[in-house]
Amino acid sequence: MNRFLIMLGSVLILIPGLTTAQDAELHPEKSKQEDRFTGVFPPAVKTIACITPASYPASPSHRRGLVLLKKAGYKVKVMPHAFTKPAKGENASPVEGRLADFYAAWNDPEVDMILCIRGGRGCRELLAALDWNKLKKRDDLYLQGYSDVTQITAAMLAKGYGRPVAGPMSGSMSGLQQDCINEMKAMHHGKQVGPVPVKKMKGGDCSGMAFTGLLSRLAWVAQSNYCPSMAGRIIFIEVVSSTPEKMREDFQTLLDRKFFDGAAGVVFCHFLRSGKPAEMEAAMNEFASKLSVPVYRGFPFGHSSKCYTVDFSRRVEIKDSKVTFLAAQPAGK
C-alpha cells in the first residue's frame, strides 16, 4: 500500500496543471513562447530582484517565472532566502531571512525593480519587523505583487516609499494570458490601457488615481499604521478563498475604519473561491448599497490567469461603464 501511495503521488505531480490548481496564484502554462515577457517592464528596468516576502514558493511554476524573466533579457537577482524552506508546520521561512532580502533588494543600486515571487501569508510579519529608516528613499523603485503583497504596496503608498504596483508576480507569470502581458507592458510604458468594459452597479462616471488590493488584506491595512488615504482614488478590490460571512466582516471593517472616505469610486474585480456565484453576487450588491460613491464590477484583476496590472501612480477614469487608464504625461508637462 505504501508503495502504491508513493507511486500515485509521483504521478499526480507529473499531471500538468494539477499542482497549480491547488494554489490560487498559479495557472497552467499554455504558451510556448519563451521570450513573451521581453520589454514588458518600464524601459529603465534592466535588473530585477526577486524576493519571497510571504509563503514559501514550493511549485515548479514559481521557478519557471524566473526562467521566463531571464529569457526576456532581464538580469534577475534571486535573493538568498527566496527559496529557504520553512520549518515544519510553517508557511513562510524565518522572517529574519525575508527581511534581510527585502533590505538588500531595496538598497541595491543596481536593482531597478523588485518582483515578488508569491504571496500567501507572511507580509504582515515582515512589515512588523521592517525598519523604514534602513530603506533608501527611492521614488523610482518599482515593487510589484498582489494577494498578500497588498499589505506591502499599501504600506509603500502610505509611507511614500518607492513605486507600488499591483500585478502578477513571477510565480504567476507563466500562466498569464497574452492579453494581460500586453496590458502589463502598456501600463508600465505609460500608454493608455482600455477602455475595459465593466458593469455599473451604482452612480455615474468618476476619475482619480488607482489603488488595488485583496479585501481580506485591506481589512488589516485599514486597522494598521500603514493605511494610505483613499482620497481621490478609484479602489479596485478582489476576493479569493474567503466565505460570504468573512467577506461581509472584512467589508464592514473597511466601512467602520472609514477606508472609503474621499474615494472617487470603487470597482469589484475577481471574486473567486469564496462561495456560490449567487452568494458572491448578493455580497457585491450589498457592498455597493453601503457605498456613497460610484460602484462598478467586472474588472479583470486578481487570482486568475486573466489578471491586469495596476500602477498606483496612474490616473484612471470610468466613463460610460468603461475603465480607461489614461496615457501618462511626459515628464515636465
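I will try to describe carefully the structure that is included in this document. (Residues numbered from 1 in each chain as written. Predicted model: local features only at pLDDT ≥ 70, side-chain atom pairs only at ≥ 80, totals over all residues. Heavy atoms only, no water.)

## Considering the sheet that holds strand S13 (residues 315-319)
If you trace the eight strands from one edge of the open sheet to the other, you get S6-S14-S13-S8-S9-S10-S11-S7, paired in mixed fashion. Pairing within the sheet leaves two strands with one partner each, and these edge strands are strand S6 (193-197) and strand S7 (199-202). The mean inter-strand angle of the sheet, taken between neighbouring strand axes irrespective of direction, is 30 degrees. Summarising the sheet, S6 and strand S14 (residues 322-325) pair through three bridges and their orientation is antiparallel. Bridged to valine 193 within S14 is phenylalanine 325. (Pairing = 2+ DSSP bridges. Helix = DSSP H or I, 4+ residues; strand = E, 2+ residues; numbered from the N terminus. Axes fitted to C-alpha atoms, helices over the stretch in contact; angles between N-to-C directions.)

## What to know about helix H6 (residues 150-159)
Burial of H6 is extensive: seven of the 10 residues sit out of reach of the surface. Where H6 is concerned, the buried positions are Thr150, Gln151, Ile152, Thr153, Ala154, Ala155 and Met156. Structurally, H6 contributes buried residues whose contacts are with helix H4 (95-107), helix H5 (123-129), strand S4 (142-145), strand S5 (163-166), strand S8 (206-214) and helix H9 (215-222). (Buried < 20%, exposed > 50% of the residue type's maximum accessible area, 1.4 Å probe, protein only. Contact = heavy atoms within 4.5 Å.)

## Some remarks on unusual backbone geometry
In this model, glycine 194 is joined to proline 195 through a cis peptide bond whose omega is 10 degrees. Structurally, the position occupied by proline 195 is in strand S6. Of note in the backbone geometry, aspartate 320 takes a positive phi value of approximately 55 degrees without being a glycine. Take aspartate 320: it is sitting in the loop between S13 and S14. On the accessibility criterion, aspartate 320 (54% relative accessible area) is exposed.

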